[in-house]
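The chain contents come next:
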Amino acid sequence: MAVDWTPLIQAALGARQGAYAPYSKFLVGAALLSDDDDLYTGCNVENASYGLTVCAERVAFFRAVASGDRHFVALVVASDTSPPALPCGACRQVLRELAPDLPIRAVNASGDCVETTLSRLLPDSFGPDTLIASHTATV
Ligand code: THU
């Protein structure tokens, strides 16, 4: 399935405007596309108890999963750095659960774009297949 990245990039840049980031002032938007063409956006939501902050990518992913989607074909992350920021380690692990080889583009409003995949960002990862293998292993 060929991905039309343009609307995803627009959606991620738009979602970034909704970010609640009064502490870091680092606004992030995300747009996650499912294989049946549903688009989920997210923004980072910070908290006065800093550790409870949730990143834009996880908001988009959890919205998608809670809506019943399980298969994903593309993720765009929008920030205002140059080069654009890639997903943090925690988000990489969360995305890996259902989308181990997800194509990812990190963008900013100036048009910079970094293209990668989740398997490049999180090689040799731990995931559901490892647990399933352990359940079926003979000891
Ligand atoms: N942030 C994201 O939303 N996504 C990332 O992948 C990296 C970091 C947010 C979390 C926090 O609100 C702010 O950026 C600074 O870390």
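All residue numbers here refer to positions counted from 1 along the written sequence of the relevant chain. For this predicted model, a pLDDT threshold of at least 70 governs which residues receive local features, and a threshold of 80 or more governs which side-chain atom pairs are given and counted, while totals over whole chains, interfaces and linings are taken from all residues. For side-chain calculations, the full set of non-hydrogen atoms in the structure is used, while hydrogens and water are omitted.

Right, let's talk about the site of the ligand for a bit. Near the ligand you find S24, F26, V28, N44, E46, T53, C55, A56, E57, L86, P87 and C88, and these make up its full shell. Nitrogen and oxygen atoms within 3.5 Å of one another constitute a polar contact, given that in protein one can donate a hydrogen and the other can accept it, and given that sequence-neighbouring residues count only through two side-chain atoms. In the model, an oxygen atom of the ligand is placed 2.9 Å from a nitrogen or oxygen of the N44 side chain. The side chain of E46 places a nitrogen or oxygen atom 2.5 Å from an oxygen atom of the ligand. Protein coverage of the free-state accessible area of the ligand, which is 370 Å², stands at 78%. Grouping the amino acids of the shell around the ligand by side-chain chemistry returns 7 nonpolar, 3 polar and 2 charged. In this text, near means that some heavy atom of the residue lies within 4 Å of the molecule or strand in question. Throughout, the Shrake-Rupley method with a 1.4 Å probe supplies accessible areas, and for residues the shown protein chains are the sole cover considered. Three categories are distinguished: nonpolar for Ala, Val, Leu, Ile, Met, Phe, Trp, Tyr, Cys and Pro, charged for Asp, Glu, Lys and Arg, and polar for the others, with Gly belonging to the last.

Patches here: salt-bridge-free residues with over 30% relative accessible area, like charges joined within 9 Å, nonpolar side chains (Val, Leu, Ile, Met, Phe, Trp, Tyr) joined within 5 Å. For this analysis, a salt bridge means a side-chain nitrogen from Lys or Arg found within 4 Å of a carboxyl oxygen belonging to Asp or Glu. Only four residue types enter the tally: Lys and Arg on the positive side, Asp and Glu on the negative side, with His and both chain ends excluded. Where a charge lies is defined by one atom per residue type, namely NZ (Lys), CZ (Arg), CG (Asp) and CD (Glu). On the surface, a cluster of negative charge is contributed by D35, D36, D37 and D38. Secondary structure counts use DSSP, requiring at least four H or I residues in a row for a helix and at least two E residues in a row for a strand, with both numbered from the N terminus. Along the chain, the position of D35 falls in the loop between β1 (29-34) and β2 (39-43). With a 1.4 Å probe rolled over the protein chains alone, any residue whose accessible area is under 20% of its type maximum counts as buried; one over 50% counts as exposed, and the rest are partly exposed. Given a relative accessible area of 42%, D35 falls into the partly exposed group.

Here we take up the pairing of strand β3 (residues 72-78). Of all 7 residues that make up β3, 7 are buried, and the element is covered over most of its length. Strand pairing is assigned whenever DSSP identifies at least 2 bridges connecting the two strands. Where β1 lies against β3, 6 bridges are found, and the strand directions are antiparallel. Opposite A31, over in β3, you have V76 as the bridge partner. Two strands pair when backbone bridges link them, and β3 and strand β4 (residues 103-107) are joined in this way by 4 bridges, in the parallel orientation. Counterpart to V76 in the pairing with β4 is R105. Viewed with both strands pointing away, a crossover whose connecting path from the first strand over the helix to the second turns clockwise is right-handed. On the question of chirality, the crossover connecting β3 to the parallel β4 by way of helix α3 (residues 89-96) is right-handed.

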